[in-house]
Every structure is written in C-alpha cells, then in structure tokens.
Amino acid sequence: MGIEILGLPMIYYIAMVAKVLVAFLFVLLTVAYATYAERKIIGHMQVRLGPMRTGWHGLLQPIADGVKLFFKEEIIPSQASTFAFLIAPLVALIPAFITFAVIPFGGTIELFGYKIPLQVAAYYDTAAGQVFDVNVGVLYILAMSSLGVYGIVLAGWSSNSKYSLMGGLRASAQMISYELSAALSIIAVFMLAGTLSLGKIVELQSGFGGFEWYIFKQPLAALMFFICSLAEINRTPFDLPEAETELVSGFCTEYSSMKYAMFFMAEYANMITVCAITATLFLGGWNGPFAVAVPILGPIYFVAKVYFLIFLCMWIRATVPRYRYDQLMHLGWKVFLPLALVNIVVTGIIGYFI
Amino acid sequence: METLFFAIISLMAIVSAILVITCKNPINSALALIMTFFCLATYYVMLDAPFMAAVQVMVYAGAIMVLIVFTIMLLNIRVNATQKHSHKIALGSIIGLFTLINTVVLLFKSQPSSPVGPYTGEMIKSLGHSELLGRDMFTTFLLPFEITSILLLVAIVGSVVLAKKKI
C-alpha cells in the first residue's frame, strides 16, 4: 500500500472503486427485489398472494422476469428516429443511478490506518484533518433530477406513435412542474443547515436521539418534498404518463425487450433515489443509536430508513387512486408552489430571530 | 492527469459542438448541444467552481434545453431532406476560418495580465464556493443583484400578461 498516485495513497483509489461498486450493487439489487416486494406487498394488501410459483413464495420472480425480458424480440418501429429511440432508455436510467454519488450511506470507517468516509464523492484529507465531499451536493441532486425528463421526452417523441407522444408530453409537463416545488421545498432545509453538502447536513441531524432530524423542524417541507418527488418520478397516484386505461403504456408503448426493462429499472431506481434523498435530508441519514461508535451500524440504519420509505411508496400505490390531469396541475402549481414559498419566508423570519 | 482529462473533455465538447450544426435531425442537434453544456459544466468543476457547474447543468441542460426540445417536439419538425447548395456556405466557411485564425493568434499573443483575485483554490475548498458567492452577492454586489431580481420579476409578470388573453 506504499504506492502513491497524485499525492494520495493507493488505498484511496481502491476504496473509491469499492464504494462505487457497493452503491451500484445496492441500487441494482434493490431495484430487482423492489419489483418483487411491490407485487407481494400490494398483493397482500388486496388479500391476494402475489407471485408464488417461482421459488419459495416467488422469491426467484425478479430473475425469471429479467430472463424473460432479455430473450424477448427487440422491435424498433420503422418510422422511429433511431438514434433518439436507442439512447432514450439510457438517458432515463443514468441520472437515477449517478445521484447516489453524493448520498452519504455511513460514517467514516478506518481501514489499515486510513480514514474512509462512506460516501462515493468524498475523501478524507489527512493534512486538513477533515472529510471533504461535494459541497454542492443538494444542487447536484437537483441538476440530475432535472435531466431525468429527457429520457421520457425522447422516448415519447422518437417512437412516432400518438400514445407515446401524449405520454411523453404529459410526463415532461408533470416533471417540470413538480421539480420546481420539490426544489423549493428543500431550500428551507438548507436554510436551516447553512450548507449544501449532504455529509454536513447529516452530521447536523445527529444528537438528541433523533429529535434533531429535519422532519421535526420542517414537517411541511418533508411532506411536500416527498409528495412532489413521487409526482416527479411518475409514481402512483401521479402516474399519468403511463395511465394504462387512457394511453396503453404511455411513453414506453413502442419499447420491448431490454429497453422496456431499462425504463422499468429507471422507474424503480428513481424511487430508491428519492427515498434515499428523503432519508438523508429529513430522517437523519445514517444517524441512529451508536452509529458513531460502531461505524458498521450507519449503513444498516440508512438502508432501514430507505426501505421503510420504499414501503411507504408501495403502500400509497395500493391505497390512493390516480389523479386527474387538471387536478394534478392544480395541486402542483396552486397548492405546493405557494406553500413552498411561504415555508421559505417563514423559515427565514424564524431563522432571523433565533 | 488533469491535462489528459481536459483534453478528453475538450475533444468531446468540440465534437458535440460540430454535431449541433451538422445533424440533420433537430432533436439530435439538441442532444448534442446538451452534451456541449455538460462539457462546459466539467470545465467549471476543474476551475474550482462547483456551484457554477451545478447551475449550468440545472439551468441550461435542465431547463432551457427542455424548452427547446419541447418546441421541436410540438412543431413536429422532422428530418429536412432537401439540401440547398449555394455560395453562402463558402462565404460562411471563409468567415469562420478567419475568425478561427484571429482567435488563435490573439490567444497565443495574450498573457494573463490582470492581477489574481483574492480567492484561491484552497480558500474555495475550505469555505465553499456557494458560500463565497452568496457573501459577495449580498454585500458587494447587492444593488446589481436586486436590479436583476426586479428585472426577472418584470419578465415573469410580462410573460403572464402576454400568455393570458383575459386577466
């Protein structure tokens, strides 16, 4: 381990690659089993059994689905714009995954005498004696989420089908509207924190056994952010872009085989990302009892919080019916946007006097 | 290492900038332009300005380009099959060539003459780029900042007035 590259010991690079792999595998595995969990949970909520045939209680169902989709015939419509049609699933999938680069999933662990923060885009500076991470982490997340719309728009446009185009248009209008409210609602959080770095935001939420979590200081912001994010990633009750009863399958009508699977993965990866951001900003991230003393507990708490929020998403899906389009726009522009602005002003006033 | 990275990004930026004007399909041009904006954001990161990079991606790639893509989609502009050949292309390329020579000559002649500002890379790293930007914006440059925000407000009100027939 004595080799140095660019003034940093070799282990930093090994740790960096390991962290990337861990985060990537976590999202990928969770995506696979979130599909299974969703079918199982909704099944039981509707007094059905859900998948039962493949493996014990259907545990191998995601693998069977994957294999099935992989061997399907790949169809590209003859009138489609080929390049945009091919690139759209990738454009949808990538922003969902790379958002995980700035989310801290644990404290700082010590390996062979080197301190390694459990966050992909962070490193420990031995000269300064502190952890540096991307100090515009929140903005990075917002920037990446604003790119997610391209995948859907391109898919809708390039398929050259009316259903796809309608789905794409609806999706983009919805995502642009709710992106605004989601971004404005978390401004209140970093007004309290005084920083844009997610590592520091998590640190500020430690202490007092969970009562420092921003969900207690900013309950309205937490609620608004979660709902707006659900709308932004097109989850039920806001899944207008792929309303089966009206639009066949929305923007992915013309897609088949692995490309369709990639849109599916993007949807679930987006859900996991949103849950991870909510857990980081409002539920204290990896904080929990003894998380600082025993570093291995950090990731466990983080994953537990994320899984709880994912369960909440599925619960909402099983409970609430789909919104109508004008109701959706009304909710976004006339309810959430003013509320978020008022929340910022109130936070500012209270912050000024305290 | 940084030079190599810079070279790769520059190559990508130039190739995608050329694709913007050579692509026949307007959507592909728009995609290439997004790629160019991304490369510019990478330059900001290399210049110790992460806030600018995030804003670049958010505003240009995330908002303005979405509007452009929307317009292309709604107007349903498809591939323009008919190609016009005229002397305009020759004229344009001659002007372009001269501009390029001009730029290159001036670039190699010039030197970074102005004094280096008070903010160093180390300072930005320890205090944070957005913090420094905010501090300057709300102290030294408060008046321009307020004027800009009033202008933006006027633009918002104006667009609402123009878009609505009955208010």
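Reading the values: the criteria
- Residues numbered from 1 in each chain as written.
- Chains lettered and ligands numbered in written order.
- Predicted model: local features only at pLDDT ≥ 70, side-chain atom pairs only at ≥ 80, totals over all residues.
- Helix = DSSP H or I, 4+ residues; strand = E, 2+ residues; numbered from the N terminus.
- Rg over C-alpha atoms; globule rule 2.2 N^0.38 Å.
- pLDDT = per-residue confidence, 0-100.
- Domains from an automatic or database assignment.
- Contact = placed C-beta atoms within 7 Å.
- Nonpolar A, V, L, I, M, F, W, Y, C, P; charged D, E, K, R; others polar.
- Expected span 1.5 Å × (residues − 1).
- Core = buried A, V, L, I, M, F, W, Y, C linked by C-beta atoms within 7 Å.
- Buried ≥ 20, exposed ≤ 12 C-beta atoms within 10 Å, placed from the backbone.

For chain B, the helix and strand inventory stands at 7 helices and 0 strands. Sequence-ordered secondary structure for chain B, helices as α and strands as β, is α-α-α-α-α-α-α. Against the compact-globule benchmark of 15 Å for 167 residues, chain B has a radius of gyration of 21 Å, which places it well outside the compact range. Taking the principal axes of the C-alpha coordinates as reference, chain B spans close to 55 × 55 × 25 Å.

The next point concerns the confidence of the model for chain B. Residue and element names in this part refer to chain B. In this model, chain B carries a mean pLDDT of 83, and residues with pLDDT of at least 70 account for 91%. Of all helices and strands in chain B, the one with the weakest mean pLDDT is helix α5 (residues 121-127) (74), whereas helix α7 (residues 142-163) scores best (92). This prediction of the complex comes with two scores: 0.84 for pTM and 0.78 for ipTM.

Time to look at the domain arrangement of chain B. All names here are of chain B. Under the domain assignment, chain B is made up of domain 1 (1-79) and domain 2 (120-167). If you average the C-alpha positions of domain 1 and of domain 2, the two centres end up 23 Å apart. If you look at the interface, domain 1 gives 4 residues, while domain 2 gives 5 residues. Looking at side-chain class alone, the side of domain 1 that touches domain 2 contains 3 nonpolar, no polar and 1 charged residues.

The terminal C-alpha atoms of helix α5 (residues 162-193) of chain A, which comprises 32 residues, lie 46 Å apart, in line with the 46 Å expected from a rise of 1.5 Å per residue. Within two residues after α5 of chain A, G194 of chain A carries a phi angle of roughly 75°, on the positive side.

With that settled, the discussion passes to the interface of chain A and chain B. Tallying the contact residues gives 20 residues for chain A and 20 residues for chain B. Elements that contribute at least two residues to the side of chain A that touches chain B include exactly α3 (82-98), α4 (137-158) and α5 of chain A.

This next bit is on the nonpolar core. Of all hydrophobic cores here, the largest spans 117 residues; its most connected members are L139, I186, A269, I272 and C275 of chain A together with A54 of chain B. Ignoring sequence-local partners within four residues, the contact set of I272 of chain A consists of V27, T30, V31, A34, V306 and I310 of chain A.

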